[in-house]
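A look at the structure
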Amino acid sequence: MNERPEIKEHCGCFGIFGHPHAAELAYLGLFALQHRGQEAAGIVTSDGSKTSRHVGLGLVADVFADPKHLQGLKGHIAIGHNRYSTTGSNLITNAQPLAINYHGGPLAIAHNGNLTNSMPLRRRLESDGSIFQSTTDSEVILHLIARSRQIGLVNQIREALTQVEGAFSLVFLARDRIIAARDPHGFRPLCVGMKDKAPVVASESCALDLIEAEYVRDVEPGEILEIDESGLHSSFLPPAARTTQCIFEFIYFSRPDSRIFGEYVDKTRRKIGKALAREKPVPSADLVISVPDSSNSAALGYSQAAGLRFDFGLIRNHYIGRTFIHPTPAMRDFNVRIKFNTVGGVLRGKRVVVVDDSIVRGTTLKKLTRMIRTAGAAEVHVRIASPPVRYPCFYGMDFGRREDLIAAFRTVEEIRDFLDVDSLEYLSVESLLEAAPKGRCGFCTCCFTGDFPTRVSEAYEKFLYESDSRMLELDFMKNTTE
Ligand code: SF4
């Protein structure tokens, strides 16, 4: 195998069964989920006998820019996928939904999450003769299904999913049904809705809102939900020792207008902001600003709890996308300025609380705080609406290499010094969990604590506990699979 195995990051999944405009609704659903992945998009449909597929690199609007692509997707059943990946090649062969024809018929898969044992499984499958077409971990699931000796697709999927570890929210399409599934830990969100009596599944409820579908419930951790002509049928994978939904979905990744893990993201972010104000106040401050857009709700919560004015001190340019490149070192200096500008009239002479959702590398925030000072702020106090990110995530969030995480090997005071701000404080893990919704399911906090809820493969462990770079680690995995 020549391709470097990829670490897949966040993605968006969508599925709809039994609607005459299935492809169009999937297309709209993917628009709502665009923030979960901008590198590739695709839709697979079925009319009950024949399946059709179109995938491409780029944004949903680019992939389906030619109307004939959507018109060619016939049928009343559809699934769709937005892909996000910053590591490895952005290959068309990795664009999802992946589709195969196996002894059970056509089968397509859309996957959000990251499997932590995909490399040993892939090595085993390849040594048994499997030929992989992509470098995604998702393809392992298709091979395991195709090799299952179980009778019936749901049983084959169940057998495959009991062999994989890590994070998966999945939507499958077969000729006459869709099947949604969530890993027993429940890392990534997936919800169920109803559109004109047609069941819908989506990574976030904002996709249901866009197509005017009614939110019904979450797909439960460990649930396999089969949707066909006879209705919705649930069965379950063996339970995990504990459920660990990704709390970072609330902190940063999901849209504030979405409902995930049974709760509104905006509401939770405001509670997190309030908790931060109570735990880490700035008594001398004049006003609170956010680093838009992901910190807006937390900053509003902070200002309400602190009794401080909220204002717009930073403005974000929404038209940059992910395609901005830095052709010369001189242009690299403008990479933050091209995304953000300060509002001088708001900041001049003020003692400012800057609320940000998290710090990963710290380089963007350092440039932002310098810009805020240059705009005339008298004092800059940074408050972070999450604990320090000290460990990489193996379940689908791209934090890069551990040595890139500014909090991995530095104290809060050293980070404050690096940022060159008057004060810096983070929310504690305890207060974050206190602000998170209370339900039957718990949350993963292991990028803060290192308390990983699943076994990770030896390559990941080496990556985790040694200071080797991520690329070296990927080279290690590459060497073992060639
Ligand atoms: S490690 Fe962090 S980002 Fe990854 S699943 Fe856990 S809480 Fe989410």
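None of these values were measured; they are calculated from a predicted model.

1. Points about the site of the ligand
Close to the ligand lie F187, C246, I247, F248, C393, Y395, M397, C444, T445, C446 and C447. Of the residues in the shell around the ligand, the class split is 10 nonpolar, one polar and no charged.

2. Here's the deal with the confidence of the model for the chain
Summarising the model, the chain shows a mean pLDDT of 90, and 90% of its residues fall at 70 or more. Every residue in residues 1-8 is under pLDDT 50, and counting partners more than four places away or in other chains gives 27 contacts.

3. Notes on the sheet that holds strand β7 (residues 169-174)
The six strands are arranged β5-β6-β7-β8-β12-β13 in an open sheet whose pairing can be described as antiparallel. If you trace the sheet from one side to the other, it starts and ends with β5 (98-102) and β13 (231-236), each paired once. Looking at each pair of strands side by side, their axes are set apart by 20° on average, direction ignored. Pairing between strand β8 (residues 177-182) and strand β12 (residues 223-228): four bridges, direction antiparallel. In the sheet register, A181 faces β12, and the bridge partner there is I224. Strand contacts of helix α6 (residues 153-161): β7, β8, β12 and β13, with the helix running at about 25° to β8, the strand carrying the most contacts.

4. A look at the sheet that holds strand β11 (residues 214-218)
By way of backbone hydrogen bonds, the strands of a sheet pair with one another, either parallel or antiparallel. Taken together, seven strands build an open sheet; the order of strands is β3-β2-β4-β1-β10-β9-β11 and the sheet is antiparallel. Where the open sheet ends on each side, the last strands, each with one partner, are β3 (51-57) and β11. Strand-to-strand twist of the sheet, defined as the mean angle between neighbouring strand axes without regard to direction, takes the value 15°. Sheet topology note: the strand β9 (residues 191-195)/β11 ladder contains four bridges and is antiparallel. Within the sheet, the bridge partner assigned to C191 lies in β11 and is D218.

5. Thoughts on the packing of helix α5 (residues 138-147) against α6
Running from amino to carboxyl end, α5 crosses α6 at an angle of 125°, the nearest separation of the two axes being 8 Å. Relative to α6, the element α5 lies oblique. For the pair α5 and α6, the sense of crossing is right-handed. Here I141, L144 and I145 of α5 lie close against α6, whose contacting residues are Q156, I157 and A160.

6. A look at the nonpolar core
Judged by nonpolar contacts, the single largest core of 138 residues is most densely connected at A26, A78, I79, V171, F172, I178 and A180. In terms of residue count, helix α1 (residues 22-32) provides more of this core than any other element does, eight residues in total. Sequence-distant contacts of V171, defined by excluding residues within four places in its chain, comprise C13, F14, G15, I79, A110, I178, A180 and V201.

7. Here we look at the pairing of strand β21 (residues 351-356)
In terms of burial, β21 is a largely internal element, five of the six residues being buried. Bridging between strand β17 (residues 287-290) and β21 involves four bridges; their strand directions are parallel. Its bridge partner being in β21, V288 is matched across the sheet by V353. Direction of pairing for β21 relative to strand β22 (residues 379-384): parallel, over a ladder of six bridges.

8. What to know about the environment of L190
Positionally, L190 belongs in the loop between β8 and β9. Taking the C-alpha atoms as reference points, L190 and E220, 30 residues apart in sequence, are found 8.2 Å from one another.

9. Concerning the environment of F452
Tracing the backbone through its elements, the reader meets F452 in the loop between α16 (446-449) and α17 (458-465). Distance from F452 to Y395, taken between C-alpha atoms, is 9.9 Å for residues 57 residues apart in sequence.

10. As for unusual backbone geometry
The peptide bond linking Q96 to P97 adopts the cis configuration, its omega dihedral lying at 0°. Along the chain, the position of P97 falls in the loop between β4 (77-83) and β5. In this model, D196 sits at a positive phi of 50°, which is unusual for a non-glycine residue. Along the chain, the position of D196 falls in the loop between β9 and β10 (198-202). Residue K197 is not a glycine yet carries a positive backbone phi of 70°. As for its position among the elements, K197 is in the loop between β9 and β10. On the neighbour-count criterion, K197 (7 C-beta atoms within 10 Å) is exposed.

11. What to know about helix α10 (residues 296-306)
The buried fraction of α10 is high, at eight of 11 residues. Within α10 the residues assigned to the buried category are N296, S297, A298, A299, G301, Y302, S303 and A306. For α10, the secondary structure elements touched by its buried residues are α9 (265-279), β17, β18 (309-310), β21 and β22. One or two positions beyond α10, positive phi appears at G307, with a value near 70°.

Rules and cut-offs
- Residues numbered from 1 in each chain as written.
- Predicted model: local features only at pLDDT ≥ 70, side-chain atom pairs only at ≥ 80, totals over all residues.
- Near = placed C-beta within 6 Å.
- Nonpolar A, V, L, I, M, F, W, Y, C, P; charged D, E, K, R; others polar.
- pLDDT = per-residue confidence, 0-100.
- Contact = placed C-beta atoms within 7 Å.
- Pairing = 2+ DSSP bridges.
- Helix = DSSP H or I, 4+ residues; strand = E, 2+ residues; numbered from the N terminus.
- Axes fitted to C-alpha atoms, helices over the stretch in contact; angles between N-to-C directions.
- Parallel < 35°, antiparallel > 145°, perpendicular 65-115°, else oblique.
- Left-handed = near helix turned anticlockwise from the far one by under 90°.
- Core = buried A, V, L, I, M, F, W, Y, C linked by C-beta atoms within 7 Å.
- Buried ≥ 20, exposed ≤ 12 C-beta atoms within 10 Å, placed from the backbone.

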